[in-house]
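Here are the chains, one letter per residue:
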Amino acid sequence: MEALRVICHIAILYIFYYIGIVIQSFLNLPIPGSVIGMLLFFTALTTNLIKPAWVKDGAHFLIKYLPLFFIPATVGMMNYFDLFFGKGFLLILIVLFSTLLVMIIAGRLSQRLAPDLTEGTTSSDETVREVQNG
Amino acid sequence: MDKILPILIIMGIILVYLGCRYIYMKYQSPFTLPVLLATVVIIVILLTFNVSYETFLTGGKWIDMLLGPAVVALAYPLYNQRKLLKDFYIPITIGVFTGALIGVMSGVILAKLLRFNDSILYSIAPKSVTTPVAMDISGSLGGISPLAAVFVMIAGIGGAVMSTFTFKYTGINHFIGRGVGIGCASHAIGTSKAMEYGEKEGAVSTIAMVMSAVIVSLISPLVLLLF
């Protein structure tokens, strides 16, 4: 029963994904179909077209195991190993350094600009604590 | 064999992932992050048994199929936290715009300084955004799309791994700072790590990732004009 509900919820999410892909290819947009589908789904939730209860378990499931779904893509790096021997190794360092720079500056800046830090200094608490993924 | 192999690969990926997840829960460290550990373990297995990436994908594509709906599912925490996003849209917008600009510029400038050729510059420019967007951007700039995807993976996994000690030593302890920082730098892989900090961080990271994808696709051609 539980599993069936999760599958039905994922099917609903899949429909939004599919609509996103259709819109993306139809209008030839540079934004991926999944992101378009997400924005549509967000709109459907805020306009009450879709009740949160209809997708809750499926969404929880997919987010809980989110890193799993990246693995087929990340393994693709294996085809490019030779590129990073010798001088190419510097490219890895550039990407890591630039990533660190973005994280620190964007993070510090937005935190500085965020109002009313007095009561919310600690990071968020409640939900999704069960999400122990990576 | 043709029918059994993909199923074995799917089961293998799930087993490796669950194993890595278990290890991560027991020994939490940036270097045991499941997406990193599982990727390394699977690549080592494939290389050891001389299995090509193309063969791996006969099973892998079925798991990859769920990535789309999983990205759609990110709208759910976004919806739960909608009030918060409304309250903080100014710091989020300014933070993401700055982050997107720094991400594109620093990658391009450093690669240029080290005398990498133009097709590398075009491939490294969109590394902070999610794979399909990055591949499209680099393709339209004249870069190498698969190489862009590799840089995206390094930025994603690298950022997720580095976030813990970065936040610790730079005093980024607010969910806005954490969400914007990790979403801007490490797109969806970073967002999966942000979900671990909490739902608020995850929601902010999702917004940051989406905004950053749009901004980077607009500014990349402009930044590259400068170089």
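- Identification of chain B as LrgB family protein from Evansella alkalicola is taken from an unreviewed UniProt entry.
- Its UniProt record gives chain B a comment under Subcellular location (unreviewed entry), which states: "Cell membrane".

**Brief notes about the overall build of chain A**
- Assigned secondary structure in chain A consists of 6 helices and 0 strands.
- When its helices and strands are written in sequence order, chain A yields α-α-α-α-α-α.
- Sequence separation of 24 or more characterises 59% of the internal contacts of chain A that already satisfy a separation of 6 or more.
- Looking at chain A as shown, the accessible area adds up to about 6,900 Å², and 70% of this sits on carbon and sulfur atoms.

**A word on the overall build of chain B**
- In terms of helices and strands, chain B carries 12 helices and 0 strands.
- Start at the N end of chain B and walk to the C end: the helices and strands fall as α-α-α-α-α-α-α-α-α-α-α-α.
- Against the globule reference of 17 Å for 227 residues, chain B gives a C-alpha radius of gyration of 18 Å, in line with a compact fold.
- Within chain B, contacts between residues at least 6 apart in sequence are counted, and of these 66% link residues at least 24 apart.
- Both charge centroids of chain B, one from 14 positive and one from 9 negative side chains, sit 8 Å from each other.

**Looking at the packing of helix α5 (residues 89-113) of chain A against helix α11 (residues 175-197) of chain B**
- Taken N-terminus to C-terminus, the directions of α5 of chain A and α11 of chain B make an angle of 150°; their axes are 7 Å apart at the nearest point. As summarised for this structure, α5 of chain A and α11 of chain B are arranged roughly antiparallel, according to the angle between their axes. Here α5 of chain A and α11 of chain B pass one another in a crossing that is right-handed. Taken together, the residues of α11 of chain B that come into contact with α5 of chain A (itself represented by T99, V102, M103, A106, G107, S110 and Q111 of chain A) are I176, G177, V180, G181, I182, C184, A185 and S186 of chain B.
- Broken down by class, the residue content of the contact of α5 of chain A with α11 of chain B amounts to 8 nonpolar, 7 polar and no charged.

**Some words on the UniProt feature "transmembrane region" (unreviewed entry) in chain B**
Residues and elements named next belong to chain B.
- According to UniProt, the positions carrying the feature "transmembrane region" (unreviewed entry) are residues 6-24, 31-50, 62-79, 88-111, 144-167 and 203-226.
- Between the end C-alpha atoms of residues 144-167 there is a gap of 33 Å, over a span that is 96% helix and 0% strand.
- With 96% helix and 0% strand, residues 203-226 has end C-alpha atoms that lie 34 Å from one another.

**A look at the confidence of the model for chain A**
Residues and elements named next belong to chain A.
- Here chain A averages 84 in pLDDT, while 85% of its residues score no lower than 70.
- At the level of individual helices and strands, chain A shows its lowest average pLDDT in helix α6 (residues 117-120), which scores 48, and its highest in α5, which scores 96.
- Predicted confidence is poor over residues 118-134, with pLDDT under 50, and the contacts of this stretch with residues over four places away or in other chains come to 51 contacts.

**Some remarks on the interface of chain B and chain A**
- Counting residues at the interface gives 105 residues for chain B, matched by 86 residues for chain A.
- Taken over both partners, the interface formed by chain B and chain A buries close to 8,500 Å², and the fraction arising from carbon and sulfur atoms is 78%.
- For the pair chain B and chain A, the interface holds 0 salt bridges.
- At the boundary of chain B and chain A, one finds 12 residue pairs in polar contact (both at pLDDT 80 or more).
- No other element matches the 16 residues that α11 of chain B contributes to the side of chain B that touches chain A.
- Residues that form the side of chain B that touches chain A fall into these classes: 67 nonpolar, 25 polar and 13 charged.

**Side note on the packing of aromatic side chains**
Residue and element names in this part refer to chain B.
- The tally for this structure, following the rule as stated, stands at 8 aromatic pairs over all chains.
- With a centroid separation of 5.9 Å and 25° between ring planes, the pair formed by Y53 and F56 is classed as stacked. One end of the pair, Y53, and the other, F56, are both in helix α3 (residues 53-64), 3 residues apart, so they sit about a helical turn from each other.
- For Y53, a relative accessible area of 12% puts it in the buried group.

**Points about unusual backbone geometry**
- In this structure, N48 of chain A takes a positive phi of about 65° despite not being glycine.
- One non-glycine residue, R115 of chain B, adopts positive backbone phi at about 60°.
- If you trace the backbone, R115 of chain B turns up in the loop between α7 (89-113) and α8 (118-124).
- R115 of chain B sits in the exposed class, given a relative accessible area of 72%.

**Some words on the domain arrangement of chain B**
All names here are of chain B.
- For chain B, the domain assignment lists domain 1 (4-65) and domain 2 (75-225).
- For domain 1 versus domain 2, the distance between C-alpha centres works out to 25 Å.
- Contacts between the two partners involve 7 residues from domain 1, matched on the other side by 7 residues from domain 2.
- Contact between domain 1 and domain 2 buries roughly 590 Å² in total, counting both sides, with carbon and sulfur atoms accounting for 79%.
- Looking at the side of domain 1 facing domain 2, the largest losses of area belong to P30, L33 and V35, adding up to 60% of the total buried there.
- In this structure, the connection of domain 1 to domain 2 is made through 0 salt bridges.
- One can count 2 residue pairs in polar contact (both at pLDDT 80 or more) joining domain 1 with domain 2.
- A class-by-class count of the residues in the side of domain 1 that touches domain 2 yields 6 nonpolar, 1 polar and no charged.

Reading guide: rules and limits
Residues numbered from 1 in each chain as written. Chains lettered and ligands numbered in written order. Predicted model: local features only at pLDDT ≥ 70, side-chain atom pairs only at ≥ 80, totals over all residues. Heavy atoms only, no water. UniProt positions renumbered as here; feature names shortened; annotations may be inferred. Helix = DSSP H or I, 4+ residues; strand = E, 2+ residues; numbered from the N terminus. Contact = heavy atoms within 4.5 Å. Areas by Shrake-Rupley, 256 points an atom, 1.4 Å probe, with all protein chains shown as cover. Rg over C-alpha atoms; globule rule 2.2 N^0.38 Å. Lys, Arg positive; Asp, Glu negative; His and termini not counted. Charge placed at Lys NZ, Arg CZ, Asp CG, Glu CD. Axes fitted to C-alpha atoms, helices over the stretch in contact; angles between N-to-C directions. Parallel < 35°, antiparallel > 145°, perpendicular 65-115°, else oblique. Left-handed = near helix turned anticlockwise from the far one by under 90°. Nonpolar A, V, L, I, M, F, W, Y, C, P; charged D, E, K, R; others polar. pLDDT = per-residue confidence, 0-100. Buried area = accessible area lost by both parts, 1.4 Å probe. Salt bridge = Lys/Arg side-chain N within 4 Å of Asp/Glu carboxyl O. Polar contact = N/O pair within 3.5 Å; in protein donor to acceptor, adjacent residues only side chain to side chain. Phe/Tyr/Trp six-rings, centres within 6.5 Å; stacked < 30°, edge-to-face > 60°. Buried < 20%, exposed > 50% of the residue type's maximum accessible area, 1.4 Å probe, protein only. Domains from an automatic or database assignment.

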